[in-house]
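Listed below are the residues making up each chain.
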Amino acid sequence: MASTRSTLTSDYSGGLPYRESVTIPPCPVKLDGTNYLVWSRACKFAIGSRGYKGFLTGDTTKPIEVGPSQEKWETTNYLLMSYLTSSMDPGISRGYMLLDTAPTIWKTAETTYSHVGSKAQRYEIRKKIRETTQKELSVSQYYSTLKALWHELDFYGKYTAACSTDITSYTSWENEIRVYDFMGGLNMDFDQIRAHILSTDPLPSLESAFSIVHSEDIRRSAMHQSPSQERSALYYGNTNQRGGSTDRIHTGKSPVICDYCGKERHTREKCWKLHGRPGAPRKGINKTGSANQITTESCPTDTGFSAEQLNTLRSLISQKDTSSSSSTVASAMQFSGPST
């Protein structure tokens, strides 16, 4: 919305009027019949900030004598009339277009929509306060919502104290009720801090109670970890200093140790140091994979095998690879059998 501007006549010089431009910030709220309190405050702030508060209250009256002062008053009055009617819904502003002065528009709107002292209006506000809970709101947003409702309640039902003692007692009672309202609408996450505040004697002020809860909310937000951070921490906890897995710490199982080489994760039957790496040629096998010649002279004479059986073994070894040589020799031994 564009700012409302007007040209005011402040003085005459040489028969030509001296004019100054006045700018009033646009009203952020339009009167719809249910938001008079907020609308009236917004208008009062904007108009009062330009020094025209007297035009709303009626304290600034129209000069009797015709001249520059009277013209300046009329110009300012038109400016404020335009400002007030343009800040209303079209259906409402139509009822104010035929009024003559800004104070008349202001007083008529107050009488029509303020409902000061209305018990029904106070009941509706109290009902809203009871139904207001935090839910998805932050602690600050929830507190601000309640604060606005409490201000409306104070506007529609003002307490008149007879003496200073009454004021002190009423203020203490009002603070206690509002602390209960604030505590009652918090989420279940704040049960512990709520119990702490309600068990405090004397009960803290509303501002102190909010400060305690707000500090706890900030602490929880700072301590919260994202899922990626939690996964990183879990991965780090499952890795030892050498980069190896430490699953046995979490499972409770003892590691497997070879009784030949003393290393972990294998047994004697699968020890590479004892049996060699799988697929590698054994000792006695040349690089081309053929078996070294086994002579009769190199074999002990008391092996129990005949020359024919040794020749059979030699031919089998030369044809088979290392991985199948042991089973082949065993088959030949079982077939021929040692000589008696």
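Values in this document were obtained by computation on a predicted structure and should not be read as measured data.

Caption draft 1: A look at the overall build of the protein chain. When you go through the protein chain residue by residue, the secondary structure sums to 15 helices and two strands. Taking all 340 residues of the protein chain together, 26% fall into the buried category. In the protein chain, once contacts between residues fewer than 6 apart in sequence are set aside, the share between residues at least 24 apart is 52%. Approximately 23300 Å² of the protein chain is accessible, and the part contributed by carbon and sulfur atoms is 54%.

Caption draft 2: Layout of the side chain of Thr132. Looking at the secondary structure, you find Thr132 in the loop between α6 (119-131) and α7 (139-156). Among the polar contacts made by the side chain of Thr132, one reaches the main-chain carbonyl oxygen of Lys128 at a distance of 2.5 Å. Discounting residues that sit within four places of it in the chain, Thr132 has contacts with Tyr142, Thr145, Leu146, Leu149 and Gly185.

Caption draft 3: Up close: α7. Given a rise of 1.5 Å per residue, 18 residues ought to cover 26 Å, and the 26 Å separating the end C-alpha atoms of α7 matches this to within 8%. Among all positions of α7, only Val139, Tyr142, Tyr143, Leu146, Leu149, Trp150, Leu153 and Tyr156 are buried. End-on view of α7: buried residues confined to an arc of 150 degrees, all on one side of the axis. Turning to α7, the residues buried within the fold contact α1 (36-48), α6, α8 (164-184) and α10 (206-223).

Caption draft 4: Spotlight on the nonpolar core. With 27 residues, the main nonpolar core has Trp39, Tyr83 and Leu84 as its most contacted residues. Mapped by element, the contributors of at least two residues to this core are α1, α2 (53-57), α3 (68-86) and α5 (102-113). Among residues more than four places away in sequence, those in contact with Leu84 are Trp39, Cys43, Ile47, Leu56, Ala102, Ile105 and Trp106. Ranked by size, the runner-up nonpolar core spans 22 residues in total, among them Ile125, Trp150, Phe190 and Val213.

Caption draft 5: Layout of the environment of His214. Mapped onto the fold, His214 is located in helix α10. Considering only alpha carbons, one finds His214 and Val139, 75 residues apart in sequence, at a separation of 6.2 Å. Sequence-distant contacts of His214, defined by excluding residues within four places in its chain, comprise Val139 and Ser140. In this structure the side chain of His214 is engaged in a polar contact, spanning 3.2 Å, whose partner is the side chain of Ser140.

Caption draft 6: Spotlight on the pattern of salt bridges. Under the criterion given, the structure shown has nine salt bridges. Across the salt bridge formed by Asp191 and Arg194, the nearest N and O atoms sit 2.2 Å from each other. Taken as a pair, Asp191 and Arg194 lie in helix α9 (residues 191-198) at a separation of three residues, close to a single helical turn. Taking the relative accessible area as the measure of exposure, Asp191 reaches 34% and is therefore partly exposed. Glu216 is paired through a salt bridge with Arg219; the nearest N and O atoms lie 2.8 Å apart. Within this pair, Glu216 and its partner Arg219 are both found in helix α10, separated by three residues, close to a single helical turn. Here the salt bridges do not stand alone but share partners, grouping Asp154, Glu174 and Arg178 into one network.

Caption draft 7: Region of the structure containing the packing of α1 against α5. Viewed as axis vectors pointing N to C, α1 and α5 meet at an angle of 160 degrees, and their least axial separation amounts to 10 Å. On the basis of their axis angle, the class for α1 and α5 is roughly antiparallel. Relative to α5, the crossing made by α1 is left-handed. Two secondary-structure elements touch here, α1 through Tyr36, Trp39, Ser40, Cys43 and Lys44 and α5 through Trp106, Ala109, Glu110 and Tyr113. Taken together, the residues of the contact of α1 with α5 break down into six nonpolar, one polar and two charged.

Rules and cut-offs
- Residues numbered from 1 in each chain as written.
- Predicted model: local features only at pLDDT ≥ 70, side-chain atom pairs only at ≥ 80, totals over all residues.
- Heavy atoms only, no water.
- Helix = DSSP H or I, 4+ residues; strand = E, 2+ residues; numbered from the N terminus.
- Buried < 20%, exposed > 50% of the residue type's maximum accessible area, 1.4 Å probe, protein only.
- Contact = heavy atoms within 4.5 Å.
- Areas by Shrake-Rupley, 256 points an atom, 1.4 Å probe, with all protein chains shown as cover.
- Polar contact = N/O pair within 3.5 Å; in protein donor to acceptor, adjacent residues only side chain to side chain.
- Expected span 1.5 Å × (residues − 1).
- Arc of directions from axis to C-beta.
- Core = buried A, V, L, I, M, F, W, Y, C linked by side-chain atoms within 4.5 Å.
- Salt bridge = Lys/Arg side-chain N within 4 Å of Asp/Glu carboxyl O.
- Axes fitted to C-alpha atoms, helices over the stretch in contact; angles between N-to-C directions.
- Parallel < 35°, antiparallel > 145°, perpendicular 65-115°, else oblique.
- Left-handed = near helix turned anticlockwise from the far one by under 90°.
- Nonpolar A, V, L, I, M, F, W, Y, C, P; charged D, E, K, R; others polar.

Don't take any of this as a statement about function, it's just geometry.
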